[in-house]
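Listed below are the residues making up each chain.
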Amino acid sequence: MCLAIPGLVEDTFFENDMYLATVNFSGVKRRICLTYTPEAKKGDYVLVHVGFALTVVNEKEAEETLKALAAMGENKLD
Amino acid sequence: MKHLNEYRDAKLAAQIIQEIQNQTKNNWTIMEVCGGQTHTICQYGIQDLLPASINLVHGPGCPVCVTPLEQIDKCIAIAKQPDVILCSFGDMLRVPGSQSDLLEARANGADVRIVYSPLECLKICTENPDKNIVFFAVGFETTAPANAMLAWQAAKQNISNLFMLVSHVTVPPVLETVLNNENNLVQAF
C-alpha cells in the first residue's frame, strides 16, 4: 500500500463535490480521485496512491532529472 | 515518456553506481524509512552495488508493518461479528495478530473485503444497508487524506452504516526519536 504509481489522466468529471478521473495505468483503467490535485487535467500523468492522485508528474522536471542522471554517468567517462 | 522504462536503464544505472563509487570518500550510515524501499534494496541487491563505506540501515517500515498487534486483533474480532463487512487494503490481510490474521478470519467465514481505494467502501455501504461496514484505516501521512475523504463523503451522503478502525501513524516523530538517541549512527534518511 506504500506504492504510488504513475498513470495517464484520460478524462475528468465531478461527482459529490469530488474531482474524479479515469486514469490509465499501462492499459488498466481506474476511477481515481483528483480532489487533492485540482491542477491535474486530461493528458497529465499523475502519481496515484490508494485511488488518490498525490501529485501531477511534471514531465519537464522528470526529463531534467533523467538528463541530470545521464550527465552524472557521463562525467565518469571523461 | 512513460515514467517507467526511463528509470530502468541498466547502462545508466551502472554508470551512476560507478560515479557513487568514485565520489564516496567517507563512511555513511543512511536509513531508509519505508518497507517498500527496503524491499527494493533487497530485491535488486542495491546494498551490494554500493561502496562498502555506505551502510544502509533498514528503518521503521510501512504502516502495514508497524500497525500494533492489538489493532490487528481488534480488527479480526470486529471482522468476526456476523453483522459486519470488514474492508481493508489488501496487504493488511496477511499481517499476523496474536492468534491469526484477517485472511484466516475470511477463510472461516468472516466477510472481509479488499478495497483498493477507501472510497470503494461507500458503494459497499449503500449496497448493504443492513450491515455495518468497518474500514480498517491504516496509513502514513500520504494515506490519511484518502481515508479522511471517505469519512467526509460518508457524512455528506448521509451514510450511517460506515465505521472506521483508525490506526494512523506519522513519520517525523519516529525520525526525531532515532536522531535524538545518544547511540544514533544514522546520518541521513
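A. Here's a closer look at the overall build of chain B. Regarding its fold elements, chain B presents nine helices and six strands. Here the C-alpha atoms of chain B give a radius of gyration of 21 Å, more than 25% beyond the 16 Å that 2.2 N^0.38 yields for 189 residues. Projecting the C-alpha coordinates of chain B onto the three principal axes gives extents of approximately 65 × 45 × 35 Å. Per-residue burial over chain B gives 21% buried out of 189 residues. Within chain B, contacts between residues separated by at least 24 positions form 78% of all contacts whose residues are at least 6 apart in sequence.

B. Structural view of the overall build of chain A. Scanning chain A from terminus to terminus reveals one helix and five strands. Reading the secondary structure of chain A in the N-to-C direction produces β-β-β-β-β-α. With 78 residues in all, chain A has 26% of them scored as buried. Sequence-distant contacts, at least 24 apart, represent 29% of the contacts inside chain A between residues at least 6 apart.

C. Broad picture of the environment of B:Gly90. Residues and elements named next belong to chain B. Mapped onto the secondary structure, Gly90 falls in the loop between strand S3 (84-88) and helix H6 (102-107). Overall, the presence of 14 C-beta atoms within 10 Å leaves Gly90 in the partly exposed class. Separated by 24 residues in the primary sequence, Gly90 and Ile114 place their C-alpha atoms 5.1 Å from one another.

D. Broad picture of the interface of chain A and chain B. On the side of chain B, 28 residues touch chain A, which itself brings 25 residues to the contact. Listing elements by their share of the side of chain A that touches chain B, those giving two or more residues are strand S4 (45-49), strand S5 (52-57) and helix H1 (59-77) of chain A. Sort the elements by how many residues they give to the side of chain A that touches chain B and H1(A) lands first, with 10 residues. Of the residues in the side of chain A that touches chain B, the class split is 16 nonpolar, six polar and three charged.

E. Focus on the domain arrangement of chain B. Domains assigned within chain B are domain 1 (5-60 + 174-180) and domain 2 (64-168). For domain 1 of chain B and domain 2 of chain B, the distance between their C-alpha centroids amounts to 34 Å.

F. Representation of the sheet that holds strand S4 (residues 111-114) of chain B. All names here are of chain B. Strand order in this open sheet of four strands is S4-S3-S5-S6, and the pairing throughout is parallel. Looking at the sheet topology across the chains shown, the edges are occupied by S4 and strand S6 (162-168). Going from strand to strand, the sheet's axes swing by 20° on average, the running direction of each strand aside. Contacts from helix H5 (residues 69-79) reach S3, S4, strand S5 (132-139) and S6, with the element oriented near 140° to S3.

G. The pairing of S3(B), seen in detail. Residue and element names in this part refer to chain B. Among the five residues in S3, four count as buried, and that is most of the element. Here S3 runs beside S5; their pairing, made up of four bridges, is parallel. When the bridges of S5 are listed, Cys87 appears paired with Phe135.

H. Structural detail: the nonpolar core. A:Ile32, B:Leu86, B:Cys87, B:Cys121, B:Ile133, B:Phe135 and B:Phe136 are the most contacted members of the largest nonpolar core, which totals 38 residues. Of the residues forming this core, the biggest block, six residues, is contributed by S5(B). The contacts of B:Cys87, once residues within four sequence positions are left out, are B:Arg113, B:Val115, B:Cys121, B:Ile124, B:Ile133, B:Val134, B:Phe135 and B:Phe136.

Here is what the cut-offs are and how they apply
Residues numbered from 1 in each chain as written. Chains lettered and ligands numbered in written order. Predicted model: local features only at pLDDT ≥ 70, side-chain atom pairs only at ≥ 80, totals over all residues. Helix = DSSP H or I, 4+ residues; strand = E, 2+ residues; numbered from the N terminus. Rg over C-alpha atoms; globule rule 2.2 N^0.38 Å. Buried ≥ 20, exposed ≤ 12 C-beta atoms within 10 Å, placed from the backbone. Contact = placed C-beta atoms within 7 Å. Nonpolar A, V, L, I, M, F, W, Y, C, P; charged D, E, K, R; others polar. Domains from an automatic or database assignment. Pairing = 2+ DSSP bridges. Axes fitted to C-alpha atoms, helices over the stretch in contact; angles between N-to-C directions. Core = buried A, V, L, I, M, F, W, Y, C linked by C-beta atoms within 7 Å.

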